[in-house]
Amino acid sequence: MTSPHTPVDTPERVALRAAVSSFAKGHAPGGPQERDGVRQLWAEAGKLGYLGVNLPEEYGGGGGGISELSIVLEELGAAGCPLLMLVVSPAICGTVIARFGTAEQKERWLPGLADGSLTMAFGITEPDAGSNSHRITTTARREDDGGWILNGRKVFISGVDIADATLIVGRTEDARTGKLKPCLFIVPREAHGFSYHHIPMELAAAEKQFEVVLDDVRLPADALVGDEDAGLLQLFAGLNPERIMTAAFALGMGRYALDKAVDYARTRQVWKEPIGAHQAIAHPLAQSHIELELARLMMAKAAYLYDMGDDAGAGEAANMAKYAAGEATVKAVDQAVHTLGGNGLTAEYGLARLITAARVARIAPVSREMILNYVSHQSLGLPKSY
């Protein structure tokens, strides 16, 4: 299939897409046991400047935006070697620090996030809060010396074991109202009271999932990122890129599966013609291609709006892009497996592991049902039931 482009692809983005695609095709798809291979890929991508394309040039980044970073992740995924931590480290954490961090925080973290020598995890999900950020129970208490004490639990936090720090979403008490408001803290992995435990997953991925426990974690005053009173503004500065990048992750996966199926359908011959000549095979694959392309257009719109500073518009588009990409990818993977028949379940073709992985795009970082809730009451103005 031809290399994909969108109406907002500049010549520089077209060149970036081609370069990343060429780079990624030189790496074999990574399996769950190939962590060393993923680390090598991460290091090489960092040296080439791909990991930090969205970060400011003065800190070693490419000076681009989420539009460029989503291209990197999509093309890596389309070659069968996506890097999940791209969603977290440069997209969420790097973006938040670049927008709201102090000069010292930017100098400390952004160069390493840009070249891949440092990674940062992101901790928001809690056992009893789910997608409701207003129910987060991780609390941060200010000490007399200006420092902070954090207590709480997080679950399904990716890559904590390999991250140098975790950007934790906690809640502080507003001195004026007494209400709790969200705030972001950089917690080093070696901080006393910070511990993590592996959550076994039936998911073929090099990056592992963890439960994080914060037990009287003491942090200096400068661990707080941004303005203590900014609240949701800073939080969604990271969540919108997360949704856009999840769409990119899903689209790459869907393209990879579809390419495998198309190649197979073009060459597999059981009767007179290759099986791809039969409409029962060809039409579902064509439909998947259309749905993936439509999802990419919404992702490009979301990234464009975010990079232009339209946080409200980007919020709607990012949710829609994540929804569309998740649905399209699940269908593409399922159809690819059915196209290959028994071969679709073999290790040789590498599609069976995507059956579970594709569904992550429907669930994380927010479920499709919560996106439908968002669209129904934010976009359509319908009343809320919760």
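Residues numbered from 1 in each chain as written. Predicted model: local features only at pLDDT ≥ 70, side-chain atom pairs only at ≥ 80, totals over all residues. Heavy atoms only, no water.

- For the protein, an unreviewed UniProt entry supplies the name Acyl-CoA dehydrogenase and the organism Streptomyces antimycoticus.
- The UniProt entry for the protein carries the following text under Sequence similarities (unreviewed entry): "Belongs to the acyl-CoA dehydrogenase family." (UniProt positions renumbered as here; feature names shortened; annotations may be inferred.)

1. Re the side chain of Glu 75
Step number 1: Along the polypeptide, Glu 75 turns up in helix 3 (residues 66-78).
Step number 2: On the basis of relative accessible area, Glu 75 is assigned to the buried category, the value being 2%.
Step number 3: Setting aside chain neighbours within four positions, we find Glu 75 in contact with Pro 4, Arg 17, Val 20, Ser 21, Ala 24 and Arg 255. (Helix = DSSP H or I, 4+ residues; strand = E, 2+ residues; numbered from the N terminus. Buried < 20%, exposed > 50% of the residue type's maximum accessible area, 1.4 Å probe, protein only. Contact = heavy atoms within 4.5 Å.)

2. Thoughts on the side chain of Glu 211
Step number 1: Mapped onto the elements of the fold, Glu 211 is located in strand 7 (residues 209-219).
Step number 2: Among the polar contacts listed, one links the side chain of Glu 211 to the side chain of Arg 153, at a separation of 2.7 Å.
Step number 3: Once you skip the residues sitting within four places of it in the chain, Glu 211 turns out to touch Arg 153, Lys 154, Val 155, Ser 195, Tyr 196, His 197 and Ile 199. (Polar contact = N/O pair within 3.5 Å; in protein donor to acceptor, adjacent residues only side chain to side chain.)

3. Remarks on helix 6 (residues 232-267)
Step number 1: Taking 1.5 Å per residue as the helical rise, helix 6 with its 36 residues ought to reach 52 Å, and the 52 Å between its terminal C-alpha atoms agrees with that figure.
Step number 2: Along helix 6, 28 of the 36 residues are buried, which leaves the element largely enclosed by surrounding structure. (Expected span 1.5 Å × (residues − 1).)

4. Focus on a nonpolar patch on the surface
Step number 1: Together, Ile 290, Leu 294 and Leu 297 line one region of the surface with nonpolar side chains, adding up to about 290 Å² of accessible area.
Step number 2: Along the chain, Leu 297 turns up in helix 7 (residues 279-307).
Step number 3: Here Leu 297 falls in the partly exposed class, since its relative accessible area comes to 42%. (Patch = residues over 30% accessible without salt bridge, like charges linked within 9 Å, V, L, I, M, F, W, Y side chains within 5 Å. Areas by Shrake-Rupley, 256 points an atom, 1.4 Å probe, with all protein chains shown as cover. Salt bridge = Lys/Arg side-chain N within 4 Å of Asp/Glu carboxyl O.)

5. Overview of the packing of aromatic side chains
Step number 1: What the rule picks out here adds up to five aromatic pairs.
Step number 2: On the numbers, 5.8 Å between centres and 85 degrees between planes, the contact of Tyr 264 with Tyr 349 is edge-to-face. You can see Tyr 264 sitting in helix 6 and its partner Tyr 349 sitting in the loop between helix 8 (311-340) and helix 9 (352-363), a full 85 residues away along the chain.
Step number 3: Given a relative accessible area of 10%, Tyr 264 falls into the buried group. (Phe/Tyr/Trp six-rings, centres within 6.5 Å; stacked < 30°, edge-to-face > 60°.)

6. Quick notes on the packing of helix 4 (residues 85-100) against helix 5 (residues 103-115)
How two helices sit against one another is set out by the angle between their axes and by the gap between those axes.
Step number 1: Relative to each other, helix 4 and helix 5 sit at 155 degrees, their axes nearing to 10 Å. Judged on the interaxial angle alone, helix 5 and helix 4 are roughly antiparallel. Considering only the axes of helix 4 and helix 5, their crossing is left-handed. Counting all contacts with helix 4, which are made through Ser 89, Gly 94, Ile 97 and Ala 98, the residues of helix 5 involved are Gln 105, Lys 106, Trp 109, Leu 110 and Leu 113.
Step number 2: For the contact of helix 4 with helix 5, the per-class residue count stands at five nonpolar, three polar and one charged. (Axes fitted to C-alpha atoms, helices over the stretch in contact; angles between N-to-C directions. Parallel < 35°, antiparallel > 145°, perpendicular 65-115°, else oblique. Left-handed = near helix turned anticlockwise from the far one by under 90°. Nonpolar A, V, L, I, M, F, W, Y, C, P; charged D, E, K, R; others polar.)

7. Notes on the environment of Arg 362
Step number 1: Relative to the helices and strands, Arg 362 is located in helix 9.
Step number 2: For Arg 362 and Ile 162, which are 200 residues apart along the polypeptide, the C-alpha to C-alpha distance reads 25 Å.

8. Details of the packing of helix 4 against helix 6
Step number 1: Contact pair helix 4 / helix 6: the axes reach a minimum separation of 9 Å and the direction vectors enclose 150 degrees. When the interaxial angle is binned, helix 4 and helix 6 end up roughly antiparallel. Handedness of the crossing formed by helix 4 with helix 6: right-handed. On helix 6, the residues touching Leu 86, Val 87, Ala 91, Ile 92, Thr 95, Val 96, Arg 99 and Phe 100 of helix 4 are Leu 233, Gln 234, Ala 237, Gly 238, Pro 241, Glu 242, Met 245 and Thr 246.
Step number 2: Along the lines of polarity and charge, the residues of the contact of helix 4 with helix 6 split into ten nonpolar, four polar and two charged.

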